[in-house]
Amino acid sequence: MKTYSLYLNGEFVSSEPTIVVVNPATGESFARISTIDRTRVGQALKDAHAAFKEWRKLTGKARGDFIQKIAAELERRRDEIARLITMENGKPLAQSLGEVAMSVDHLRWFAEEARRAYGRIIPNQVDGKRHMVIKTPIGVVGAISPWNFPLVLAVRKIAPALAAGCTVVLKPARQTPLCAAAFAECVDAAKLPKGVFQLVVGSASEIGEEFLQNPLCRKISFTGSTEVGKHLIRGAAEQVKPLSLELGGLAPVLVFEDVDLNRAVEGAILAKFRNTGQSCIAANRIYVQRSIYQKFLDAFVAKAKALKLGDGLEPNVEIGALIDEDAVTKAVQHVEDAVKRGARVLCGGQRAKGRGCFFEPTVLADVPTDGLCMREETFAPVAAICPFDTEAEAIELANASDFGLSAYAFTNDLGRTFRLMEALEAGIIGINDGVPTATQAPFGGMKQSGWGRELGIEGMDAFLETKHISLGIA
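Rules behind the numbers
- Residues numbered from 1 in each chain as written.
- Predicted model: local features only at pLDDT ≥ 70, side-chain atom pairs only at ≥ 80, totals over all residues.
- Heavy atoms only, no water.
- Helix = DSSP H or I, 4+ residues; strand = E, 2+ residues; numbered from the N terminus.
- Rg over C-alpha atoms; globule rule 2.2 N^0.38 Å.
- Areas by Shrake-Rupley, 256 points an atom, 1.4 Å probe, with all protein chains shown as cover.
- Core = buried A, V, L, I, M, F, W, Y, C linked by side-chain atoms within 4.5 Å.
- Buried < 20%, exposed > 50% of the residue type's maximum accessible area, 1.4 Å probe, protein only.
- Contact = heavy atoms within 4.5 Å.
- Polar contact = N/O pair within 3.5 Å; in protein donor to acceptor, adjacent residues only side chain to side chain.
- Pairing = 2+ DSSP bridges.
- Axes fitted to C-alpha atoms, helices over the stretch in contact; angles between N-to-C directions.
- 1 Å grid on protein atoms, 1.4 Å probe; cavity = no way out; pocket = protein on both sides within 12 Å on 5 of 7 lines; lining within 4 Å.
- Points joined across faces, edges and corners; volume = space filled by probe spheres on them.
- Nonpolar A, V, L, I, M, F, W, Y, C, P; charged D, E, K, R; others polar.

J.: Break down the overall build of the protein chain for me, with residues and values.
T.: Counting its secondary structure elements, the protein chain contains 15 helices and 23 strands. The C-alpha atoms of the protein chain give 23 Å as radius of gyration, which agrees with the globular expectation for 474 residues (23 Å, within 12%). Summing over all exposed atoms, the protein chain offers an accessible surface of approximately 19300 Å²; the carbon and sulfur share of this is 51%.

J.: How would you summarise the nonpolar core if you had to cite specific residues and measurements?
T.: Judged by nonpolar contacts, the single largest core of 115 residues is most densely connected at Phe197 and Phe300. In terms of residues, this core owes the most to one element, helix α6 (residues 178-189), which gives nine residues. Here Phe197 is in contact with Tyr7, Ile158, Val168, Leu170, Phe183, Ala184, Val187 and Leu192, once residues within four sequence places are set aside. Formed by 34 residues, the second largest nonpolar core is a distinct cluster that contains Leu254, Leu322, Leu364 and Val382.

J.: Can you tell me about the environment of Asp389, naming the residues and giving the values?
T.: Structurally, the position occupied by Asp389 is in the loop between β17 (382-388) and α13 (391-399). Distance in space between the C-alpha atoms of Asp389 and Gly445 is 27 Å, their sequence separation being 56 residues. Aside from chain neighbours lying at most four places away, what touches Asp389 is Gln289 and Arg290. A distance of 2.8 Å separates polar atoms of two side chains, one belonging to Asp389 and the other to Arg290.

J.: Any chance you could break down the sheet that holds strand β16 (residues 362-365) for me, citing the residues and the numbers?
T.: Reading across the sheet, the seven strands line up as β15-β16-β17-β14-β13-β19-β20 and stay open at both edges, with mixed pairing between neighbours. Two strands in the sheet have a free side with no partner beyond their single neighbour: β15 (344-347) and β20 (428-431). With strand direction ignored, the average angle separating the axes of adjacent strands in the sheet is 20°. Across the face of the sheet, helix α9 (residues 261-273) comes into contact with β13 (251-255), β14 (283-289), β16, β17 and β19 (406-410) while running at roughly 165° to β19.

J.: Tell me what's going on with the environment of Ile158, and back it up with residues and numbers.
T.: Following the sequence through the fold, Ile158 ends up in helix α5 (residues 152-164). For the pair Ile158 and Val141, spaced 17 residues apart in sequence, the C-alpha to C-alpha distance is 8.8 Å.

J.: Before we move on, could you go through α13 and cite the residues and values that matter?
T.: By the burial criterion, the buried members of α13 are Glu391, Ala394, Ile395, Leu397, Ala398 and Asn399. Buried residues in α13 make contact with β13, β14, β17, α14 (414-423) and β21 (446-447).

J.: Lay out the sheet that holds strand β6 (residues 120-122) in plain terms, naming residues and giving numbers.
T.: Read from one edge to the other, the open sheet built from three strands follows the order β6-β7-β23, with strand pairing classed as antiparallel. With one partner strand each, in any of the chains shown, β6 and β23 (464-472) form the two edges of the open sheet. For this sheet the average axis-to-axis angle between neighbouring strands, irrespective of direction, equals 25°. Alignment of strand β7 (residues 129-137) against β23, held across nine bridges, turns out to be antiparallel. The residue of β23 that forms the bridge with Thr136 is Glu465.

J.: Talk me through the side chain of Ser221; I want residue IDs and the actual numbers.
T.: As for its position among the elements, Ser221 is in strand β11 (residues 217-223). Here Ser221 falls in the buried class, since its relative accessible area comes to 1%. A polar contact of 3.3 Å, which involves the side chain of Ser221, links it to the side chain of Lys157. Residues in contact with Ser221, not counting those within four places in the same chain, are Gly142, Ala143, Ile144, Lys157, Ser244, Glu454 and Phe463.

J.: Got a sec to walk through the side chain of His106? Specific residues and values, please.
T.: Mapped onto the elements of the fold, His106 is located in helix α4 (residues 93-113). A residue is classified by how much of its surface remains accessible, and His106, at 0% relative accessible area, is buried. Of the polar contacts made by the side chain of His106, one reaches the side chain of Thr439; its length is 2.9 Å. With residues near it in sequence (within four places) discarded, His106 still touches Val152, Val155, Arg156, Ala159, Thr439 and Leu455.

J.: Describe the layout of surface pockets, naming the residues involved and giving the relevant values.
T.: Volume-wise, the largest pocket comes out at about 1000 Å³. For the largest pocket, the lining is made up of 41 residues, of which Trp147, Phe222, Gly224, Ser225 and Val228 are closest to its centre. Secondary-structure elements contributing two or more residues to the lining of the largest pocket are α7 (204-213), β11, α8 (226-236) and α11 (325-340). Considering every element that reaches the lining of the largest pocket, the biggest residue donor is α8, with five residues. Across the lining of the largest pocket, the residue classes break down as 17 nonpolar, 14 polar and 10 charged. Roughly 540 Å³ of internal volume is contained in the second largest pocket. Looking at the lining of the second largest pocket, the elements that each hand over two or more residues are α4, α5, α9 and α10 (293-306).

Quick look at the structure:
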């Protein structure tokens, strides 16, 4: 069983104890990774702070050249790293390959954006003064990434932070640390200066507390649950430490009667079942206008039944394993709760037979609004569907949540499109698009779905301080 090393101040470090990594498709332990304690995390932050002093001085072009080299190495090792993602996460290999490709795209985008940390000149209103705005890197960043997209959601933090001139200490999820270790190898191959990027693994609570309490850590970027996000908010208050938070979602899908039905079904299938339903922007609540409700159900169920379930390393698999037993248990609870409240199971509805953490692609019809799967993230291949009558009702249903990360709508009415764009309370809205994420566009939510934005020009700005300079020239 291979033991992966951590990456600390330009060196690969092996240490005890180790964490065992389990393949959720087979239940087998297949690798280990070293861990460190809180004291050593503090040293990593100290080393990152020392490296920051020189890294920030490089031109944006020079930093971008390093990031391009990381991207090239990651792309060279795409097949190997995609396989690693599938083994530790359970997702189908084709989707892991897509994750690697998106990570490369993120790196290349921010490598170019490193040249574009623009300030501005402000016209003066008092004689003898001139006003400038400049952007400077915030400092050492503590990055905490989740298990559902273990590589790309880490890179969304690392790439813009490095481009901005910051240094990064990354803590990946304990279930999926291996692709982060492989990424560290890509960083090392690119000969990034020591301390600019480091990888730490250990107790999540201890590492999080060190990030919060150590004044050398100037910002925390976190993707994960709203519960943990609230804990970070409370902890950050002591030092008024800036946070970027991408938290939970409960995405609605609105399907209107004027839509092309096939297109709507295809889009909703993608929004629901991509990444085995384990996505923060996954369709969680599907609302269909009553006049086409039955037709939509028939077509959607046919598509769901055709999805191939299995080990992500097998050919043509579309639905892989859930991350662990707790995820399967939650899926069972959501289905049973919906049925008790009057929902109908049109397909699936139970754990798949055999070993591994598999759950059948499931479609629930007539799900009441008080069902668990309409109020909590399901994070499983379970589609909850119910009808609506009017546009106003649909918008009210969509917005009746404490979360506002993403929303989807399918309509051919241009006027309705603009009304939905303005009315839906979500940071990401896909209109006739089941996969709205793009490197060049901002990603983030409102309400309890988080603070700030990743990707796009906003992604690098999150790691820059804005300074106003008033020049007296008289």
